[in-house]
Amino acid sequence: MSDEVRLWLAIAGVVAVVVGVFVFLAVYKADRYYNPITGRWEGVALSVTEQVELGNRYAPVYEREHGGLYPDRALQGRVSRLGQRLIQVLRRWERSLGLGGAGWTPFSFRFRVLVGAPPQPEVNAFALPGGPVYITYGLLSRLRTDDQIAGVLGHEIGHVVLRHTTEGLATALRLNAVLWGIQRLLGGEAAQVAQIGAALLSLKYSRDQEREADRFGFELVCRAGYDPRGMIEVFRILQGLGASSGVLEFLSTHPDPGNRIRALSALRCPRR
């Protein structure tokens, strides 16, 4: 067998592996859920059990990286009560759509306040697959009302319910498969160029997820009886802190706060 034939067989093998992994992760849907933002049933590659296990496994890691739990039991209790009230409303909303408890809330949600990563007070909130939801004291200390806190928690609940973190993991795996193939075929320099493109694709995907979570959180807080203007006030606070200042929205993982304020201001609470 000639060297040229061996080369082409190697190339074909790499391409077959990349295409196989990419297609499998794009097509295989272990968990299906209803997305009220798109009005469609959608799916992700990881099962509900896998998502819960993933969240439980990485929750202690994230908590350590973000300074650990904030040592104020009263504050922790307040955030937990607000979060669980939203979950009760979420389950009623789920039942009203006939999802039967399997579409949105097979997760065990829990809500925690974190100290925040040093040296600056970290202004942040995030959620992990399967239900862990976090807000840092740096953000919480700037919020004055339950409406504002509920707006933040509702947004993060949206990320969990809409499987955004899980989708992000599947996307990262698909991109890694492609980058591995590029590196095998073309070498390190081409892979570096591809990594830049992959990063930009991931940023765009993340901004779309943020907009979906905004809309989901808006409706959830409305249904729970909170004033959704609290969400808008949170983004005004972030805007005042200079969030995304000097950074083009195209190169930001989050939409510009001003754009989010305008989008939320155009929404209205659904009739119940």
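None of the values given here were measured: they were computed from a predicted structure.

**Side note on the sheet that holds strand β4 (residues 125-127)**
If you walk across this open sheet you meet the three strands as β3-β5-β4, and the pairing is mixed. Of all the strands in the sheet, just β3 (110-114) and β4 have a single pairing partner and so form its edges. Neighbour-to-neighbour, the strand axes of the sheet open up by a mean angle of 20°, direction not taken into account. Alignment of β3 against strand β5 (residues 132-136), held across five bridges, turns out to be parallel. Bridging from a neighbouring strand, Val113 pairs with Ile135 of β5. Running at roughly 150° to β3, helix α3 (residues 73-96) makes contact with β3 and β5 of the sheet.

**A short note on the environment of Arg215**
Tracing the sequence through the fold places Arg215 in helix α7 (residues 188-223). For the pair Arg215 and Gly158, spaced 57 residues apart in sequence, the C-alpha to C-alpha distance is 8.5 Å. Beyond its immediate chain neighbours, meaning those up to four positions away, Arg215 contacts Ile37 and Leu267.

**Re the state of the cysteines**
One pass over the full model with this rule turns up one disulfide. Paired by a disulfide, Cys222 and Cys269 hold their sulfur atoms 2.0 Å apart. On the sign convention where negative means left-handed, the S-S torsion of about -70° between Cys222 and Cys269 marks this disulfide as left-handed. With a gap of 47 residues between them, Cys222 in helix α7 and Cys269 in the segment after α9 (257-265) connect regions that are remote in the sequence. By relative accessible area, which is 6% here, Cys222 ends up buried.

**Concerning the confidence of the model for the chain**
On average, residues of the chain score 80 in pLDDT, and 69% of them reach the 70 mark or higher. When the elements of the chain are averaged for pLDDT, helix α1 (residues 3-27) gives the smallest value, 54, and β3 the largest, 97. Note on residues 243-251: pLDDT under 50 across the span, and 18 contacts to partners over four residues away in sequence or across chains.

**Let's talk about the nonpolar core**
Counting 47 residues, the largest nonpolar core has Leu86, Leu90, Phe109, Ile135, Ile157 and Phe216 as the members making the most contacts within it. For this core, the element with the most residues is α3, which contributes eight residues. Those residues within four positions of Leu90 in sequence are excluded, and the remaining contacts are Trp104, Thr105, Phe109, Ile157, Val161, Phe216 and Leu220. Listed in part, the five residues of the second largest apolar core include Leu114, Phe126, Leu128 and Tyr134.

Scoring rules and cut-offs
- Numbering of residues starts from 1 in each chain and follows the order in which that chain's sequence is written.
- In view of the model being predicted, local features appear only for residues whose pLDDT reaches at least 70, and side-chain atom pairs are presented and counted only at 80 or more, with totals across whole chains, interfaces and linings using the full set of residues.
- Calculated side-chain values reflect all of the structure's heavy atoms, with hydrogen atoms and water omitted.
- For two strands to be treated as a pair, DSSP must find no fewer than two bridges joining them.
- Helix numbers and strand numbers start at the N terminus; a helix is a DSSP run of H or I with at least 4 residues, a strand a run of E with at least 2.
- Only C-alpha atoms enter the line fits that serve as axes; for helices the fit covers just the stretch in contact. Angles between N-to-C directions range over 0 to 180 degrees.
- Here, two residues are considered to be in contact whenever any of their heavy atoms come within 4.5 Å of each other.
- Any two cysteine sulfur atoms lying within 2.5 Å of each other are counted as a disulfide.
- Throughout this description, buried means an accessible area under 20% of the type-specific maximum (1.4 Å probe, protein chains only), exposed means over 50%, and partly exposed covers the range between.
- Looking at any residue, its pLDDT shows the predictor's confidence there, from 0 to 100.
- Within this scheme, the nonpolar core is defined by two criteria: the residues are buried Ala, Val, Leu, Ile, Met, Phe, Trp, Tyr or Cys, and they are joined through side-chain atoms within 4.5 Å.

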